[in-house]
Amino acid sequence: MVFLAFFAVSYYNDFIEGKGLGITMKLWAGRFEKEAAKTTNDFNSSIATDGRMFREDIAGSVAHAAMLGKQGVILPEDCEAILAGLGSVLEDLEGGGLAIDPDAEDIHTFIEAELTARIGEAGKRLHTGRSRNDQVATDLRLYLRSACAELRRLLMEFEEVLRRKGEEYPAAILPGYTHLQRAQPILFSAHLLAYREMLLRDIGRLDDAARRMNRSPLGSGALAGTGYPIDRAYTAEQLGFDGYCVSTLDGVSDRDFCIELAAALSLVMVHLSRLSEELILWCSWEFRFVELDDAYTTGSSIMPQKKNPDLAELIRGKSGRVFGDLMGLLTVMKGLPLAYNKDMQEDKDAIFDAFDTVKLCLGAAIPMLQTMRCLPENMRKAAAGGFINATDCADYLVGKGLAFRDAYKVVGNLVAQCIREGHTLESLPLEGYQAVCDLFAGDVYDFVSLERCVERRSPGLRLGGEN
Ligand code: ARG
């Protein structure tokens with residue numbers, strides 16, 4: 001143990017100090033005769049993207065340093081100095097007393113350099129038995145774990161908004177559509193329930209991907225683990241992981257979790273986009289089923305009468321970004337040999353953009369739906385006009401003993417007659433009904449009323465199958 005601790009210290013000192021380098025210089029400068037070109041540094045740098053993971057990077061370093069101390073790989077006083085130093089860096093980054101250097105290569109390098117600038121020698125011992133490859137994989141999983149929790153809350157909130165909106169208009173009936181043709185009458189709340197179910201599946205998918213992601217790559221090293229007597233279970237536990245990645249090669253090179261999450265987020269966007277499309281239709285003058293609040297719509301620069309559903313349109317449009325992020329991640333990963341390759345640095349831009357976009361869209365969708373006013377009279381008018389109760393009319397005849405196929409034919413004739421005479425099933429006189437089929441009686445009007453139609457069926461108004 002003592003030998004290993006000594007080895008760790010001298011190895012790292014040689015690496016950095018033996019060449020007379022300050023840690024602000026390139027970590028690998030000893031191997032090179034020339035400085036990197038500015039183009040190389042700029043091109044290589046990921047700080048603009050990964051700077052947001054500073055909390056996770058520090059948390060990972062705290063766990064790693066504590067483990068090195070516990071295992072005797074570094075001396076207790078060095079461990080203490082590192083932990084205190086990391087604490088002060090975190091405090092200053094959070095408090096605004098320390099700005100992330102935009103010229104740093106990445107967040108890992110920046111924090112290690114800052115730590116070493118503050119505590120000296122001990123700071124150079126932090127990276128013992130660790131590589132940026134397992135470091136970045138750990139940071140990213142930690143960051144995305146929090147992002148999933150945040151997004152989960154937003155999705156739950158949105159589901160709740162939709163439930164409440166349905167409850168605000170418990171009796172509102174609108175036409176249900178297939179092929180965008182009026183099909184059968186449904187309750188407005190039943191329509192919204194469909195979206196609530198989608199959101200619950202989205203939450204399930206996020207949870208599922210987050211659970212699979214929750215393994216610690218820390219200790220995988222560059223790819224082949226490390227010769228130091230590290231304790232991977234300990235760091236995994238410290239960081240709230242359910243265990244660690246058994247294969248060190250997979251630990252550093254797996255980005256399935258990014259792809260799974262991007263796929264789950266793509267489906268969230270499919271759902272938000274479909275709902276947006278309906279709102280755009282519904283607030284058009286052709287439908288007028290809903291009215292979006294002024295605060296969540298925009299006007300036109302030239303047409304004074306316009307009130308545009310820009311937010312809904314943008315949500316629909318932004319779905320493309322998230323699908324693009326998913327496609328980008330798949331494409332980055334598909335040809336990579338094991339283990340880490342720099343291509344993988346592209347993962348963060350894509351998955352962060354996907355999370356940011358979905359969060360942004362939910363942030364707009366939630367108040368837009370919360371403040372949306374429904375116009376149930378218009379919904380009802382549309383539902384009453386399109387023979388949307390024709391199936392129920394056929395069911396009425398089935399109730400009187402006719403086979404459904406025959407009843408279907410009778411009602412087909414009836415509808416044709418109504419169209420010829422300018423009637424609806426509600427307004428057609430009883431003689432008109434009886435001229436087509438003598439099974440019709442006065443109770444048909446009640447049977448085909450929109451209220452009875454929606455009451456009779458059970459499109460599901462509650463979640464969890466408890467209709
Ligand atoms: N910025 C890098 C990334 O995001 C960190 C890992 C760098 N590792 C390396 N061997 N160059 O992937």
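Just so it is clear, the model here is predicted, and its values are computed rather than measured.

1. Remarks on the overall build of the protein
So, step 1. Helix and strand content of the protein: 19 helices and four strands.
So, step 2. At 32 Å, the protein has a C-alpha radius of gyration far larger than the 23 Å of a compact globule built from 467 residues.
So, step 3. If you line up the protein on its principal axes, its C-alpha atoms span 105 × 55 × 40 Å.
So, step 4. Counting all 467 residues of the protein, 49% fall into the buried class.
So, step 5. A separation of at least 24 residues holds for 75% of the contacts in the protein among residues at least 6 apart in sequence.
So, step 6. Of the roughly 22200 Å² of accessible surface on the protein, a fraction of 55% belongs to carbon and sulfur atoms.
So, step 7. Of the side chains in the protein, 51 bear a positive and 68 a negative charge, and the two mean positions are spaced by 4 Å.

2. Thoughts on the site of the ligand
So, step 1. Inspection of the region around the ligand gives S46, D50, D106, H108, R132, N133, V136, Y340, K342, Q345 and K348 as its neighbouring residues.
So, step 2. Within the side chain of N133, an N or O atom sits 2.9 Å from a nitrogen atom of the ligand.
So, step 3. Burial of the ligand by the protein chains amounts to 86% of its free accessible area of 340 Å².
So, step 4. Looking at which element gives the most residues to the shell around the ligand, the answer is helix α7 (residues 132-168), with three residues.
So, step 5. Considered class by class, the residues forming the shell around the ligand number two nonpolar, four polar and five charged.

3. Concerning helix α16 (residues 404-421)
So, step 1. With 18 residues, α16 should reach 26 Å at 1.5 Å per residue; the first-to-last C-alpha distance of 25 Å fits that figure.
So, step 2. All of the buried residues in α16 are A407, V410, V411, L414, V415, Q417 and C418. Around the axis of α16, the buried residues are gathered within 165 degrees of arc, so they sit on the same side. In α16, the exposed positions that point more than 90 degrees away from the buried face belong to R405, K409, I419 and R420.
So, step 3. Where the residues of α16 are buried, they touch α15 (390-399) and α17 (430-436).
So, step 4. Following α16 by one or two positions, G422 adopts a phi angle in the positive range, close to 70 degrees.

4. Structural notes on the nonpolar core
So, step 1. By size, the foremost hydrophobic cluster in this structure holds 69 residues, and its most contacted members are L144, F158, F188 and I351.
So, step 2. Counting residues per element, the ones that place at least two in this core are α7, α8 (188-213), α11 (256-282), α12 (310-333), α13 (346-370) and α14 (376-384).
So, step 3. Beyond its immediate stretch of four places on either side in the chain, F158 contacts L199, L272, L275, L362, A365, I366 and L369.
So, step 4. By size, the runner-up hydrophobic cluster in this structure holds 23 residues, among which are M67, I82, A104 and I111.

5. A word on the packing of aromatic side chains
So, step 1. Applying the stated criterion across every chain, the model contains 11 aromatic pairs.
So, step 2. Centre to centre, the rings of F287 and F289 are 5.2 Å apart; their planes meet at 85 degrees, and the pair counts as edge-to-face.
So, step 3. A ring pair is formed by Y433 and Y445, whose centres lie 5.6 Å apart and whose planes are at 90 degrees; its orientation type is edge-to-face. On the criterion of sequence distance, the pair formed by Y433 in helix α17 and Y445 in helix α18 (residues 444-447) is long-range, its members being 12 residues apart.

The rules behind the values
- Residues numbered from 1 in each chain as written.
- Predicted model: local features only at pLDDT ≥ 70, side-chain atom pairs only at ≥ 80, totals over all residues.
- Heavy atoms only, no water.
- Helix = DSSP H or I, 4+ residues; strand = E, 2+ residues; numbered from the N terminus.
- Rg over C-alpha atoms; globule rule 2.2 N^0.38 Å.
- Buried < 20%, exposed > 50% of the residue type's maximum accessible area, 1.4 Å probe, protein only.
- Contact = heavy atoms within 4.5 Å.
- Areas by Shrake-Rupley, 256 points an atom, 1.4 Å probe, with all protein chains shown as cover.
- Lys, Arg positive; Asp, Glu negative; His and termini not counted.
- Charge placed at Lys NZ, Arg CZ, Asp CG, Glu CD.
- Near = heavy atom within 4 Å.
- Polar contact = N/O pair within 3.5 Å; in protein donor to acceptor, adjacent residues only side chain to side chain.
- Nonpolar A, V, L, I, M, F, W, Y, C, P; charged D, E, K, R; others polar.
- Expected span 1.5 Å × (residues − 1).
- Arc of directions from axis to C-beta.
- Core = buried A, V, L, I, M, F, W, Y, C linked by side-chain atoms within 4.5 Å.
- Phe/Tyr/Trp six-rings, centres within 6.5 Å; stacked < 30°, edge-to-face > 60°.

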